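Structural description and commentary
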Amino acid sequence: MFEDIIGQKSIKKFFKTAVKNNRLSQAYLFYGPEGTGKEAVAFEIAKSLNCKGEDNKPCNQCISCIKVNKMEHPDVDYIIPVFSKSSDEEIYLKKREKIQNPYKKVMFKGNTSISIDTIRNLKNSSIFKPFEGKKRVAIISKAEKMTLEAANSVLKLLEEPPKDLLFILTATDLGLIIPTVKSRCTGIKFPPLSKEEIRDTLVKNFKISEQEAEIISNISGGSLSKASEYLQEGIEEKKEFAEKLIEIIFLKNSKIYLDFAEELVNKRNLEFVKDVLTIINLWVRDAIYYKINNASKSDIKSEINDNANVNQLAVSLPYEHLELINSEIEKSIDLID
Ligand SMILES: [Zn+2]
């Protein structure tokens, strides 16, 4: 169980034991940033509970697992916020896409919500015992997108829970879940993934260089879905901006510097500026690291890593300046946040 789930050790351990000993609560609320594995864990639990395999559940091979993986299991409901004009076909395909890659963000054109009708359907089917499997599971993704009516309807279900129905709600914004729903669920907090976990996953699954993975893992804020977005859109442009900015700093010409800063701020959104600063800071920190570790060696150049930007910073600037740049950039990033 949980072989493909990245990080989240204590959560995996908790649910492994709970599923094995059949000691699950009636309802869970998984909350935390996008791309931290909330849906991935929910799918894994739903499959494990209904798996017909002998051991090491979910087997991903039995008829039950296959049906869940195709989003065709009658006892596993997966509810996502949808755009009001989306066709059933489109919704179905999005759900399948999500179970195949739970770390990917589901996107619709237009505003999305979970309607009262969707919850009503769930309510109507929940009065039945499991059709095929052993346990009915209802996963409500992005529960903060429920309309107030829908949320109240879920609340009624939670107050008088049908037997054999497990609820798993997920949310990225806990503040938008109505308190009465929140208090009926066992909250499970999904912290951001560590930079190392993201970096290693990128290198392993996407076969990119360590250096690129390092940058992406640093700007992705602990979210694997954000990391894969960066991977898709590429980080070249941001890297170029960062390199240019370093060059300009070395020119020591305040006019050029201010013009460039203005261009950056005017033409790009703050998120872009923040990423550029984060990349520079990554290099600055590397430069500090190499400086500390190679301070006693006469030829610092030969010991430095293969990143030319780190090289330039470490060779040209004294340690104190690097520390100062580092703390100034951190302050700027805090201001953007
Ligand atoms: Zn199975």
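Bear in mind the structure is a predicted one, so any value in this text is a computation, not a measurement. (Residues numbered from 1 in each chain as written. Predicted model: local features only at pLDDT ≥ 70, side-chain atom pairs only at ≥ 80, totals over all residues. Heavy atoms only, no water.)

1. Focus: the overall build of the chain
Assigned secondary structure in the chain consists of 16 helices and seven strands. Within the chain, buried positions represent 46% of all 337 residues. Counting only contacts in the chain whose residues sit at least 6 apart along the sequence, the fraction spanning at least 24 positions is 71%. With the model as given, the accessible surface of the chain reaches about 18100 Å², and the carbon-plus-sulfur share is 51%. Taken together, the 51 basic and 50 acidic charged side chains of the chain have centroids lying 7 Å from each other. (Helix = DSSP H or I, 4+ residues; strand = E, 2+ residues; numbered from the N terminus. Buried < 20%, exposed > 50% of the residue type's maximum accessible area, 1.4 Å probe, protein only. Contact = heavy atoms within 4.5 Å. Areas by Shrake-Rupley, 256 points an atom, 1.4 Å probe, with all protein chains shown as cover. Lys, Arg positive; Asp, Glu negative; His and termini not counted. Charge placed at Lys NZ, Arg CZ, Asp CG, Glu CD.)

2. What to know about helix α8 (residues 195-206)
With twelve residues, α8 should reach 16 Å at 1.5 Å per residue; the first-to-last C-alpha distance of 16 Å fits that figure. Where α8 is concerned, the buried positions are Ile198, Thr201 and Leu202. Angular distribution of buried residues about the axis of α8 spans 100 degrees; they occupy a single face of the element. Here the buried face of α8 lies against α9 (210-219) and α10 (224-233). Phi turns positive, to about 50 degrees, at Lys207, one or two residues after α8. (Expected span 1.5 Å × (residues − 1). Arc of directions from axis to C-beta.)

3. Quick word on the packing of helix α11 (residues 236-251) against helix α12 (residues 254-267)
Running from N to C, α11 and α12 point in directions that differ by 160 degrees, and their axes come no closer than 9 Å. Viewed along their axes, α11 and α12 adopt a mutual orientation that is roughly antiparallel. As for the relative orientation of α11 and α12, their crossing is left-handed in sense. Note on element contacts: α12 touches α11 through Ile256, Tyr257, Phe260, Glu263 and Leu264, opposite Phe241, Lys244, Leu245, Ile248, Ile249 and Leu251. Of the residues contributing to the contact of α11 with α12, the split by class is nine nonpolar, no polar and two charged. (Axes fitted to C-alpha atoms, helices over the stretch in contact; angles between N-to-C directions. Parallel < 35°, antiparallel > 145°, perpendicular 65-115°, else oblique. Left-handed = near helix turned anticlockwise from the far one by under 90°. Nonpolar A, V, L, I, M, F, W, Y, C, P; charged D, E, K, R; others polar.)

4. Quick word on the coordination of the zinc ion
At the metal site, the zinc ion is ligated by Cys51 (SG), Cys59 (SG), Cys62 (SG) and Cys65 (SG), and these contacts range over 2.3 Å. Coordination at the zinc ion is tetrahedral: its four donor atoms span angles of 101 to 121 degrees at the metal. Positions of the donor residues of the zinc ion, expressed as sequence spacing, correspond to C-x7-C-x2-C-x2-C. Comparing Cys62 with Cys65 shows no difference in burial state: the two are buried. (Donors = N, O, S within 2.8 Å, 3.2 Å for Na, K, Ca; no water. Tetrahedral: all angles 85-135°; square planar, octahedral: opposite > 155°, others 65-115°.)

5. Side note on the pattern of salt bridges
Scanning all chains against the criterion turns up 14 salt bridges. Arg136 is the partner of Asp77 in a salt bridge, and the nearest nitrogen-oxygen pair spans 3.4 Å. One end of the pair, Asp77, is in strand β2 (residues 76-79); the other, Arg136, is in strand β5 (residues 136-140), and 59 residues separate them in sequence. Among the residues examined, Asp77 registers a relative accessible area of 22% and is labelled partly exposed. (Salt bridge = Lys/Arg side-chain N within 4 Å of Asp/Glu carboxyl O.)

6. Some thoughts on unusual backbone geometry
Residue Lys57 is joined to Pro58 through a cis peptide bond whose omega torsion reads -5 degrees. The residue Pro58 is located in the loop between α2 (38-50) and α3 (63-69) in this model. Positive phi outside glycine occurs at Phe2, with the angle close to 70 degrees. Turning to its location among the elements, Phe2 is positioned in the segment before α1 (9-20).

7. A short note on the environment of Lys123
Mapped onto the elements of the fold, Lys123 is located in helix α5 (residues 116-126). Distance in space between the C-alpha atoms of Lys123 and Ser153 is 8.5 Å, their sequence separation being 30 residues. The residues contacting Lys123, other than those within four sequence positions of it, are Ser153, Lys156 and Leu157.

8. Some points on the environment of Asp75
Structurally, the position occupied by Asp75 is in the loop between α3 and β2. With a relative accessible area of 0%, Asp75 lands in the buried category. For the pair formed by Asp75 and Ile292, sequence separation is 217 residues and the distance between their alpha carbons is 59 Å.

9. Observations concerning the packing of α11 against helix α15 (residues 308-316)
Relative orientation of the contacting elements α11 and α15 amounts to 20 degrees, with a least axis distance of 11 Å. The angle between the axes of α11 and α15 places the two elements in the roughly parallel class. The chirality of how α11 crosses α15 is left-handed. Where α11 approaches α15, its residues Glu243, Ile246 and Phe250 are matched on the opposing element by Asn309, Gln312, Leu313 and Ser316. Class assignment of the residues belonging to the contact of α11 with α15 gives a composition of three nonpolar, three polar and one charged.

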